[in-house]
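Each chain, written out:
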Amino acid sequence: MSADNFIPKPYSHSIENGSVSVQAPSNIALVKYWGKYGEQLPQNASVSFTLSECRTETTLHFEKISRSENFNFEVYLDGKREESFEPKIQKFFERVEKYVPFLKEYKFKIETKNTFPHSSGIASSASGMSALAVCLVQLENQLLGVNLSTALDETRESQLNKASFLARLGSGSASRSIEGPLVVWGVHPEIEGSSNLFGVKYPDAVHENFSNYQDTILLVDKGEKQVSSTVGHDLMHDHPYSAERFKEANNNLAKLKTIFKEGDLSAFIEIVESEALQLHAMMMASKPYFILMKPNTLEIINNIWDFRRETGSEVCFTLDAGANVHVLYPVSEKERVQKFIVEQLAVFCKNGEYIHDQCGLGARLIS
Ligand code: PMV
């Protein structure tokens, strides 16, 4: 399949105005994507848990206009115009226009809100871009006259792929937020159907140990990102360890395949924590180099390791491109780990703040 497969056939319907509302969650990578080429294509395959509570809700209002030279849109966050978001959406529209060619025929008002605080350091690009991508696919359905309630499974699948394909062009990791609870993005020889163009629901066996997996996000540093992910990905181009890193990520995904099937939580922890530290090791070894962990990030990691040693718990951590820590644990340990978080980890969070989340199923329409 090539990107051109996502260019639609001519639209058969005309829609004057309306709106569509979608909610889409964030996701947390277990095998990390860090390094890209071409137009938002990943250098290695990644896999993530789709989250549930941390999400963006977006309403796309549209009104037909005569075809204009430029895109015509305004973005509102929590009801207030947010011009600082508009360059990112402009760039997104430029990238996706070929695949949703109606964009210049409408005036859009994009109303968006997040269920997590904007300054929490939780990336809203994955949830935000995937919510907007699903809105565009929904509008396109109307223009194509697709009736979702009677659509064949094949049509649904191609719609999910298209939403993920568009989301990817907004933010790579957004391609993994359309479905859940486990999504792979990037071609991998051992994952059937995997693609660099869009994320796919993990197709193989998953042991019940991974059902309803829990993720508590500890908000260590709530500021804006020090280094944008665009800059971070770029630094992987002339990086001394990038080739090995991309190989290692693909090997780790291959190992996870067996782990998911057998439910081996100790082996899971080894891969997931190593992936988090490798992501940060790449940042520390790039030129220019940078450190996104804070002292409290390390305090939390050490406390998790101590707790595991002392109690035999299977709690572990992962990190994004920032100082916050995602604490991952099986649902069977929910009570014990949440008690540990309250009693021993919350003290390392800014204002004691954390968010309890868990795996979820991806984007959906809000009626
Ligand atoms: O989606 P981007 O371009 O912001 O990249 C984010 C990459 C990480 O979050 C650091 C890792 C991942 O795979 O999600």
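Residues numbered from 1 in each chain as written. Predicted model: local features only at pLDDT ≥ 70, side-chain atom pairs only at ≥ 80, totals over all residues. Heavy atoms only, no water.

> Can you tell me about helix 3 (residues 153-170), naming the residues and giving the values?
Here helix 3 spans 26 Å end to end across 18 residues, near enough to the 26 Å set by a 1.5 Å rise per residue. Of the positions making up helix 3, those classed as buried are Q159, N161, K162, A163, S164, F165, L166, A167, R168, L169 and G170. (Helix = DSSP H or I, 4+ residues; strand = E, 2+ residues; numbered from the N terminus. Expected span 1.5 Å × (residues − 1). Buried < 20%, exposed > 50% of the residue type's maximum accessible area, 1.4 Å probe, protein only.)

> Describe unusual backbone geometry, and please don't skip the residues or the numbers.
Cis geometry is found at the peptide bond from G180 to P181, where omega equals 0 degrees. Here P181 shows up in the loop between helix 3 and strand 8 (182-185). Here the amide bond leading from K287 into P288 is cis, since omega sits at 0 degrees, within 30 degrees of zero. Positionally, P288 belongs in the loop between helix 6 (265-284) and helix 7 (295-311).

> I'd like a rundown of the nonpolar core, residues and numbers included.
The biggest cluster of nonpolar side chains holds 75 residues, and the ones touching the most others in it are L30, F93, F108, L136 and F268. Of the residues forming this core, the biggest block, 11 residues, is contributed by helix 2 (residues 125-144). Both domain 1 (3-205) and domain 2 (208-358) contribute no fewer than three residues apiece to this core. In this structure, V315, F340, I341 and L345 belong to the second largest nonpolar core, which totals 21 residues. (Core = buried A, V, L, I, M, F, W, Y, C linked by side-chain atoms within 4.5 Å. Domains from an automatic or database assignment.)

> Requested: an account of the packing of helix 1 (residues 86-96) against helix 2, with residues and values cited.
Running from N to C, helix 1 and helix 2 point in directions that differ by 45 degrees, and their axes come no closer than 12 Å. One element, helix 1, and the other, helix 2, form an angle in the oblique class. When you trace helix 1 past helix 2, the crossing you get is right-handed. Contact residues: helix 1 offers K88, I89, F92, F93 and V96, while helix 2 offers S125, M129, L132 and L136. (Axes fitted to C-alpha atoms, helices over the stretch in contact; angles between N-to-C directions. Parallel < 35°, antiparallel > 145°, perpendicular 65-115°, else oblique. Left-handed = near helix turned anticlockwise from the far one by under 90°. Contact = heavy atoms within 4.5 Å.)

> Summarise the site of the ligand; cite the residues concerned and give the values.
Taken together, 13 residues lie near the ligand, and Y33, S171, S173, R176 and S229 sit nearest. G172 places a polar main-chain atom, nitrogen or oxygen, 3.4 Å from an oxygen atom of the ligand. With respect to the ligand, the side chain of D320 contributes an N or O atom lying 3.1 Å from an oxygen atom. Within the complex, 93% of the 380 Å² of free accessible area of the ligand lies under protein. Split by residue class, the shell around the ligand holds 5 nonpolar, 5 polar and 3 charged. (Near = heavy atom within 4 Å. Polar contact = N/O pair within 3.5 Å; in protein donor to acceptor, adjacent residues only side chain to side chain. Areas by Shrake-Rupley, 256 points an atom, 1.4 Å probe, with all protein chains shown as cover. Nonpolar A, V, L, I, M, F, W, Y, C, P; charged D, E, K, R; others polar.)

> Go over the pattern of salt bridges, please, and point to the residues and values.
Using the criterion set out here, one finds 20 salt bridges in the structure. In this structure, R336 and E333 form a salt bridge, with 3.4 Å as the shortest nitrogen-oxygen distance. Overall, the relative accessible area of 37% leaves R336 in the partly exposed class. Salt bridges sharing partners connect three or more residues here, namely K64, R67, E97, K104 and E105. (Salt bridge = Lys/Arg side-chain N within 4 Å of Asp/Glu carboxyl O.)

> Outline the environment of A363, listing residues and values.
When you line up the elements, A363 lands in the loop between strand 13 (354-358) and strand 14 (364-365). With 358 residues separating them in the primary sequence, A363 and N5 have C-alpha atoms 22 Å apart. If we ignore the near neighbours within four places in the chain, the residues touching A363 are Q23, A24, P25, V134, S177 and I178.

> I'd love a proper account of the domain arrangement of the protein chain, names of residues and values included.
Many authors give the size of an interface as the accessible area that is lost as the parts come together. If you check the domain split of the protein chain, you get domain 1 (3-205) and domain 2 (208-358). Measuring from the centre of the C-alpha atoms in domain 1 to the corresponding centre in domain 2 gives 25 Å. Of the roughly 3400 Å² buried at the junction of domain 1 and domain 2 (both faces included), carbon and sulfur atoms supply 67%. Per-residue buried area on domain 1 facing domain 2 is highest for L30, K32 and W34; these three make up 24% of the total on that side. (Buried area = accessible area lost by both parts, 1.4 Å probe.)

> Could you give an account of the environment of R95, naming the residues involved and the relevant values?
In this structure, R95 sits in helix 1. Exposure remark for R95: the relative accessible area of 22% places this residue in the partly exposed category.

> Mind laying out the packing of aromatic side chains, listing which residues take part and the relevant values?
All chains considered together, the criterion is met by 22 aromatic pairs. Ring centres 4.8 Å apart and planes at 85 degrees place the aromatic pair Y99 and F165 in the edge-to-face group. Within this pair, whereas Y99 is found in the loop between helix 1 and strand 7 (106-114), its partner F165 is found in helix 3, the two being separated by 66 residues in sequence. Residue Y99 is classed as buried on the basis of its relative accessible area, which comes to 6%. Taking the centre distance of 6.0 Å and the plane angle of 35 degrees together, the rings of Y106 and F108 count as tilted. Note on Y106: relative accessible area 0%, which makes it buried. Connected via pairs of aromatic rings, a cluster forms that spans Y11, F62, F71, F73, F92, F93, F102, Y106 and F108. Over the aromatic face of F71 sits the side chain of K104, whose NZ or CZ is 4.8 Å from the ring centroid. The ring of Y76 has K109 lying over it, and the distance from NZ or CZ to the ring centre is 4.8 Å. (Phe/Tyr/Trp six-rings, centres within 6.5 Å; stacked < 30°, edge-to-face > 60°. Lys NZ or Arg CZ within 6 Å of the ring centre and 35° of its normal.)

> I'd like a description of the side chain of T56, backed by residues and values.
Structurally, T56 is set in strand 4 (residues 46-64). Relative accessible area serves as the criterion here: at 1%, T56 is assigned to the buried category. A polar side-chain atom of T56 sits 3.4 Å from the main-chain amide nitrogen of G128.

> Hey, could you go over the sheet that holds strand 11 (residues 316-319) for me, with residue numbers and the actual values?
As summarised here, the arrangement of the 4 strands in space is 11-12-10-13, forming an open sheet in which the pairing is antiparallel. Strands at the two margins of the open sheet, each flanked by one partner only, are strand 11 and strand 13. When the angles between neighbouring strand axes are averaged without regard to direction, this sheet yields 25 degrees. Sheet analysis places strand 10 (residues 214-218) next to strand 13, joined by 5 bridges and oriented antiparallel. When the sheet's bridge partners are listed, T216 is paired in strand 13 with H356. With respect to the sheet, helix 6 is in contact with strand 11 and strand 12 (325-329), its orientation differing from that of strand 11 by roughly 30 degrees. With respect to the sheet, helix 7 is in contact with strand 10, strand 11 and strand 12, its orientation differing from that of strand 11 by roughly 155 degrees. (Pairing = 2+ DSSP bridges.)

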